[in-house]
Structure formats: C-alpha cells, structure tokens
Amino acid sequence: MAGANRAAGMVPLVGALATAAALAGVAVFSASSAGCASPGQYVQRDGYVELVGGCIDSHDLPPAPLAPAVHQGEPSFLQQ
C-alpha cells in the first residue's frame, strides 16, 4: 500500500517536470527562430544601461509618456 501512495505522489511531480521541459523547449525554439542575426548587447554608459544592436529599432517603440508637471508645495497625492 505504501508503494501505491508513493506512486500517486510522483504523478504531480512528473507532470510538473514534463510541463517545465515542454515550456523550456518552446522558449529555446522561439528564441532560436526569432530571425535576428544580431541579438545585441547591454552596455553601461554614464550610469545607465543601454541596449546596443539587436533587432529593436527605436522608431518601432511607442514614445515615452510626458512627465506631469510638479507643483512646489503640493503633496504628491494632490498633484494631477
């Protein structure tokens, strides 16, 4: 009877491992077939990190939202 309990306890573990392996395989396949010849690299310049190279063009990205005006003397929860 102890063997049956142990086998029943292994089913969720084996299922989780199979799912993890399948997801890892999909991730590797997706990354390898992305079609980008140059993956790019991260370079630190003047205290910030920048992606240099790669398939992302800055013109393809949406513009950053404008920062709201900050009024002196007003608590931040009242600023809109």
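Up top you'll find the structure we're talking about.
To start, this report covers the structure provided alongside it. All values derive from a computational prediction rather than experimental measurement.

Structural notes on the overall build of the chain
Inference 1: Looking only at helices and strands, the chain has one helix and two strands in total.
Inference 2: Shown N-terminal to C-terminal, the secondary structure of the chain runs as helices and strands in the order α-β-β.
Inference 3: Out of the 80 residues in the chain, the part that is buried amounts to 0%.
Inference 4: Entry remark: accessible area of the chain is about 7200 Å², with carbon and sulfur atoms responsible for 64%.

Quick look at the pairing of strand β1 (residues 41–45)
Inference 1: Here β1 lies mainly on the outside; zero of its five residues are buried.
Inference 2: The sheet contact formed by β1 and strand β2 (residues 48–52) spans five bridges and is antiparallel. In the sheet register, Gln-41 faces β2, and the bridge partner there is Val-52.
Inference 3: In textbook terms, the turn of a hairpin is the stretch between consecutive antiparallel strands, and for β1 and β2 this stretch comprises two residues, one of which, Asp-46, has a positive phi near 50°.

Examining the pattern of salt bridges
Inference 1: A complete count under the given rule lists one salt bridge for this structure.
Inference 2: Note that Arg-45 is salt-bridged to Glu-50, the shortest N-O span being 3.2 Å.
Inference 3: Here Arg-45 falls in the partly exposed class, since its relative accessible area comes to 38%.
Inference 4: A relative accessible area of 26% places Glu-50 in the partly exposed class.

What counts and how
- Residues numbered from 1 in each chain as written.
- Predicted model: local features only at pLDDT ≥ 70, side-chain atom pairs only at ≥ 80, totals over all residues.
- Heavy atoms only, no water.
- Helix = DSSP H or I, 4+ residues; strand = E, 2+ residues; numbered from the N terminus.
- Buried < 20%, exposed > 50% of the residue type's maximum accessible area, 1.4 Å probe, protein only.
- Areas by Shrake-Rupley, 256 points an atom, 1.4 Å probe, with all protein chains shown as cover.
- Pairing = 2+ DSSP bridges.
- Salt bridge = Lys/Arg side-chain N within 4 Å of Asp/Glu carboxyl O.

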